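# Fold and contact review
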Amino acid sequence: MLTKPTLKKEFAKDWKKHYQVELFKNEGFIRKTCQSCNKNFWTLDENRTTCADPPCQNYDFINNTVTKKKFDYIEMWNVFEKFFKKEGHTSIPRYPVVDRWRPDLFFTMASIQDFQRLENGNMSFEYPANPLVVPQTCLRFNDIPNVGVTGRHLTSFVMAGQHAFGSPKTGYFKDECINLNFKFLTKEMGIPKEQLVYSEDVWAMNDFSAFGPSMETFSMGLELVNSVFMQFQSPDGINRKELDLKVIDVGWGLERLVWFSNGTPASYDSLYGPVTKKMKALSNIQIDQKAFDKYSSIAGNLNLDEVDDMEKARRDAAKHVGLTVKEMNNMVEPMQALYAVADHTRTLLFAIADGGIPSNVGGGYNLRILTRRALNFINKYNFDFKMEDIAKWHANYLKPMFPELKENIKNVQKIISIETQKYLETQKRSKKLIKSFIIKTDKFSEEKLSEFYESHGITPELIEKVAKDEGKEVHIPGDFYVSLAAKHEKEVKTKKKTTFDLKNIPQTIKLFYETDNLTFNAKIIDIQNSWIILDKTQFYATSGGQDHDTGNINNQEVIDVIKVDNIILHKVKDASKLKINREVKCNVNETRRKTLTQMHTGTHVVGAAARTILGTHIWQAGAAKTVEKSRLDITHYNNLTDDEIKKIEDLANKIIQQKVPIDINEIPRNKAESKYGFIIYQGGGSPGKLVRIINIKNIDVQACGGTHVKNTYDIENIKIIGSRKIQDGVIRLEFVAGNVVQKIENKKEELIAQILNELNITDITSAPTQARTIFKNWKELKKIYGPLQFFIRQKNKDGILNIKEKLSAFKDISPINETKTYNNESAIKELASILKVQEEHIPKTIKRFKEEIEKFKDEIKKAN
């Protein structure tokens with residue numbers, strides 16, 4: 001079986017073929033093997049005996065820059081972009097850090113991911129130019145404990161992607177790639193060529209669907225760039241063959257280039273412009289700069305992923321600095337925390353600006369980990385700054401490269417502020433829980449820590465602090481956040497199994513995309529149990545959240561329609577009269593189709609209205625359209641207010657009244673992405689090279705396979721009938737459209753009439769007052785009735801006497817005066833809240849309370 005170690009050995013044996021490029025020959029690079037780690041590398045230094053990867057080499061560039069100048073962050077990108085544009089590359093804008101085009105990933109983790117598309121489980125590439133460069137911001141959560149510690153680790157960074165696809169006519173491969181690498185580093189940055197070390201490595205997808213040799217470029221202990229040559233694939237995990245499309249995948253670390261040119265003790269001071277300077281001024285951290293510089297030069301050796309004995313590594317570091325471990329920790333830990341806060345806040349800035357929300361589910365889980373970890377550091381070291389301010393400072397500094405961050409800063413700050421409030425509330429209520437557990441034990445297993453975090457939002461840092469206050473020590477695993485984050489980096493979806501035999505059956509022609517004629521003729525291709533497969537169909541199968549059509553095939557009722565891959569199956573009540581290879585006449589239920597179509601286009605309109613009213617962080621998190629009602633799940637951090645719901649509904653109906661035409665076109669996926677952006681993927685990434693675009697002009701544009709009206713006016717009207725939080729960070733809107741609105745209104749009128757009758761009033765707006773009075777009377781009488789029954793059963797005369805005294809003092813509670821005013825909608829909602837029932841159960845609940853009040857009174861009288 002293929003593995004990375006076996007490939008490494010294999011490629012190393014044939015190193016002239018896989019690693020020796022023309023530049024190495026021309027410049028005189030020598031191939032050597034590291035005497036420390038056995039890694040193979042290329043250098044111009046005849047005397048070099050080790051590779052340049054820590055711990056084989058320390059950070060020798062700290063306070064020892066060799067570049068032609070010190071580049072700041074924005075300037076470094078401009079120099080990079082200018083160089084590669086001159087060398088024939090197209091520069092394209094970054095893609096979002098929240099991945100909308102690959103359904104298996106939550107975040108963008110590498111620049112090559114921008115161009116990867118999944119089609120029926122197979123990887124393909126779509127790229128807007130060739131060759132190209134992109135300043136792709138990437139999010140990775142596998143190094144959280146190292147952030148701030150090693151000086152180089154980050155949770156977000158810009159991978160300056162350099163990519164070429166295909167043959168020499170359209171792209172390039174190894175020789176030109178390394179030539180450009182060398183030219184940029186030596187000519188543009190001014191790094192002496194003698195200081196460059198090229199280390200041999202291997203890159204591979206987990207399933208070896210793509211792999212090849214790679215070359216890491218180091219200088220003075222720091223990796224600057226990794227050049228991957230996607231060259232091979234393995235269909236069986238054993239054998240290999242050349243890829244049809246060879247890909248150059250070069251990930252330049254923009255942050256590494258900037259840090260290397262500045263030589264600051266920690267990368268963060270050179271990467272974040274004025275941000276860390278402002279943070280330090282507000283933190284009052286005092287450090288011994290000489291000692292800190294010494295520590296920084298060997299901080300790369302403290303990588304938690306690579307060090308087996310961290311305590312020994314810390315002792316060695318302290319010895320190098322000339323301090324005790326305790327003195328070193330007291331000096332560096334506050335600074336490490338400050339850097340971590342700066343990093344985590346910048347990551348949140350990018351993620352929230354691109355539509356991510358901290359939560360307890362999906363990718364939002366990792367964002368909450370960063371938020372709470374940063375807040376813990378602020379709290380622990382009493383830093384006098386807020387994450388909201390740090391986010392703004394980052395956005396201001398990055399505006400020349402990423403103006404969208406500044407444009408979305410208010411929304412980012414609002415979400416961080418809400419998360420901060422949640423964190424503070426958790427802190428207050430969690431201390432009791434921790435103390436009660438600590439009394440029993442001071443051992444927290446990783447499972448217990450995860451349970452505390454996931455169920456109660458309690459961070460390990462808080463557990464550590466409470467334990468310390470109680471005079472106990474708790475050990476927190478160094479990789480705790482890494483293992484937590486790893487669970488939420490990818491979305492795992494299980495494919496539904498089918499029991500149908502669909503071999504050699506052609507895909508079904510979909511008439512619902514071609515014509516509005518709901519009557520059609522077709523040929524039966526196959527029958528499996530009660531499921532009919534036609535050569536073509538107008539019946540829409542359940543998909544994309546839209547319910548299926550009904551109707552008949554040769555007068556046999558169609559009760560269900562499903563799609564398996566590209567084949568549509570129709571379930572009929574009685575298949576005995578239908579035969580294979582026969583022509584049949586089919587009819588789709590017109591009323592049902594019209595309602596479902598109105599509901600589906602209505603979903604797009606409601607989503608657009610919500611985005612306008614609530615903010616650009618609104619994305620679809622799920623949807624369903626039935627003939628009874630529709631639901632749209634949106635990403636949002638709070639329950640919606642009545643005012644927000646009304647504004648969304650009003651705007652949706654305004655869009656309907658504007659009679660906006662709706663264009664429906666099938667276009668190549670790459671053109672759709674380029675023209676409209678990734679907002680088209682509200683329902684998830686497209687599985688094919690062609691996408692069906694539903695464009696409600698200047699309102700909303702989405703890739704969607706459902707049935708839709710041709711003009712917003714055809715939706716007729718929309719009414720939102722409910723809103724609630726279904727999980728952290730996701731709000732469900734329930735609504736109806738078209739003639740279903742009138743049905744709902746009629747039901748509402750019936751409900752109001754029943755409530756008025758039960759309360760014996762004429763105005764629904766006074767119903768909450770009446771219901772609250774009845775409910776309070778019921779509660780008070782129940783308090784008396786319950787104990788009375790108990791004392792009667794126990795024949796407890798003193799108890800009965802005590803109850804009688806209470807009864808003599810009891811009087812019906814008078815109607816409660818309320819200052820709040822209600823309309824029909826809010827009155828019904830308030831009634832449901834008072835009585836703690838669903839709206840449709842309000843009348844019978846009022847009736848039950850009234851009957852029980854009379855029963856209590858009668859029973860109490862009898863007892864007397």
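Let me sum up the structure you'll find in this document. Everything quoted here is computed from the prediction, not taken from an experiment. (Residues numbered from 1 in each chain as written. Predicted model: local features only at pLDDT ≥ 70, side-chain atom pairs only at ≥ 80, totals over all residues. Heavy atoms only, no water.)

## Some points on the overall build of the chain
This is how the line gets drawn: Comment: elements are numbered from the N terminus, with helices defined as DSSP H or I runs of at least four residues and strands as E runs of at least two. Here the term buried applies to any residue with accessible area under 20% of the maximum for its type, exposed to any over 50%, and partly exposed to those in between, with areas from a 1.4 Å probe on protein chains only.
A tally of helices and strands in the chain yields 26 helices and 26 strands. For the chain, the residues scored as buried account for 54% of the 864 residues in total.

## Some details on the side chain of glutamine 702
Heads up, the rule is: Polar contact is defined as a pair of N or O atoms within 3.5 Å, subject to the rule that within protein one atom must be able to donate a hydrogen and the other to accept it, and that residues adjacent in sequence are counted only when both atoms are side-chain atoms.
Checked against the element boundaries, glutamine 702 lands in strand S24 (residues 700–703). Overall, glutamine 702 belongs to the buried group, its relative accessible area being 5%. A polar contact of 3.1 Å, which involves the side chain of glutamine 702, links it to the side chain of aspartate 700.

## Describing the sheet that holds strand S22 (residues 662–668)
Put simply, the test is: A pair of strands is considered paired only if DSSP assigns at least 2 bridges between the two. Every axis corresponds to a line fitted to the C-alpha atoms, with the helix fit spanning only the stretch in contact, and the corresponding angles, defined between N-to-C directions, vary from 0 to 180 degrees. Should any heavy atoms of two residues lie within 4.5 Å, those residues are counted as being in contact.
Taken in spatial order, the 3 strands of this open sheet run S22-S23-S24, and their pairing is antiparallel. The open sheet has two edge strands with one neighbour each: S22 and S24. Within the sheet, the average angular offset between the axes of one strand and its neighbour, ignoring direction, is 20°. Summarising the sheet, S22 and strand S23 (residues 690–696) pair through 7 bridges and their orientation is antiparallel. Bridging from a neighbouring strand, isoleucine 662 pairs with isoleucine 696 of S23. In the packing of helix H21 (residues 669–676) onto the sheet, the strands contacted are S22, S23 and S24, and the crossing angle to S22 comes to about 125°.

## Some words on the nonpolar core
In a soluble, globular protein the nonpolar side chains are often hidden away together inside. Formally: Residues enter a nonpolar core if they are buried and are Ala, Val, Leu, Ile, Met, Phe, Trp, Tyr or Cys, with the set joined through side-chain atoms within 4.5 Å.
Residues Tyr73, Phe184 and Trp252 are the most contacted members of the largest nonpolar core, which totals 152 residues. For this core, the leading source of residues is helix H11 (residues 325–353), giving 16 residues. Excluding anything up to four places from it in sequence, tyrosine 73 contacts Val158, Leu254, Glu255, Val258, Leu271, Arg346, Tyr397, Leu398 and Met401. Cys704, Leu733, Phe735 and Val741 belong to the second largest nonpolar core, which has 33 residues in total.

## Observations concerning helix H13 (residues 387–398)
Quick reminder of the rule: By this rule, a helix spans an expected 1.5 Å times one less than how many residues it contains.
Its 12 residues place the ends of H13 16 Å apart at the C-alpha level, agreeing with the 16 Å of an ideal helix rising 1.5 Å per residue. With 9 of its 12 residues buried, H13 lies for the most part within the structure. All of the buried residues along H13 are Met387, Glu388, Ile390, Ala391, Trp393, His394, Ala395, Tyr397 and Leu398.

## Let's talk about H21
Where we set the bar: Along the arc lie the directions from the helix axis toward the C-beta atoms.
Looking only at H21, the buried set comprises Arg669, Ala672 and Glu673. Down the axis of H21, the sector holding all buried residues measures 95°, keeping them to one side. Every exposed residue of H21 that faces more than 90 degrees away from the buried side is listed here: Lys671, Ser674 and Lys675. The secondary structure elements touched by the buried residues of H21 are strand S4 (116–119), strand S5 (122–125), S22 and S23. Glycine 677, located one to two residues past H21, shows a positive phi value of around 85°.

## Details of the environment of threonine 65
Secondary-structure assignment places threonine 65 in the loop between strand S2 (40–43) and helix H4 (73–86). Through-space distance from the C-alpha of threonine 65 to that of phenylalanine 260 is 7.0 Å; in sequence the pair is 195 residues apart. Those residues within four positions of threonine 65 in sequence are excluded, and the remaining contacts are Lys70, Phe260, Ser261, Asn262 and Gly263.

## Section: empty space enclosed by the protein
Over the atoms, a rolled probe matching the size of one water molecule traces out where space is still vacant. Condition: Throughout, the protein atoms alone are placed on a 1 Å grid, and a set of points is a cavity if a 1.4 Å probe fits but cannot get out or a pocket if it is open with protein on both sides within 12 Å along at least five of seven lines; lining residues have an atom within 4 Å of a point. Grid points are joined across faces, edges and corners, and a volume is the space filled by probe spheres set on the points.
The final tally for this structure, using the stated rule, is 3 cavities of 30 Å³ or more. Looking at the largest cavity, its volume works out to about 50 Å³. Gly148, Val149, Ala266, Phe292 and Tyr295 are, among the 11 residues lining the largest cavity, the residues nearest its centre. The set of elements that each furnish at least two residues to the lining of the largest cavity consists of helix H9 (289–297) and H11.

## Here's the deal with unusual backbone geometry
With an omega of 10°, the peptide bond running from proline 54 to proline 55 counts as cis. With an omega dihedral of -5°, the bond running from asparagine 130 to proline 131 counts as a cis peptide bond. Secondary-structure assignment places proline 131 in the loop between S5 and strand S6 (132–139). Located in the positive-phi region is asparagine 38, a residue other than glycine, with phi close to 70°. Residue placement: asparagine 38 occurs in the loop between strand S1 (30–33) and S2. On the basis of relative accessibility, which here comes to 58%, the residue asparagine 38 falls in the exposed class. For methionine 220, which is not glycine, the phi torsion reads 55° and is therefore positive. With respect to the helices, strands and loops of the structure, methionine 220 is situated in the loop between strand S9 (211–219) and strand S10 (222–233). Take methionine 220: its relative accessible area is 5%, and that puts it in the buried class.

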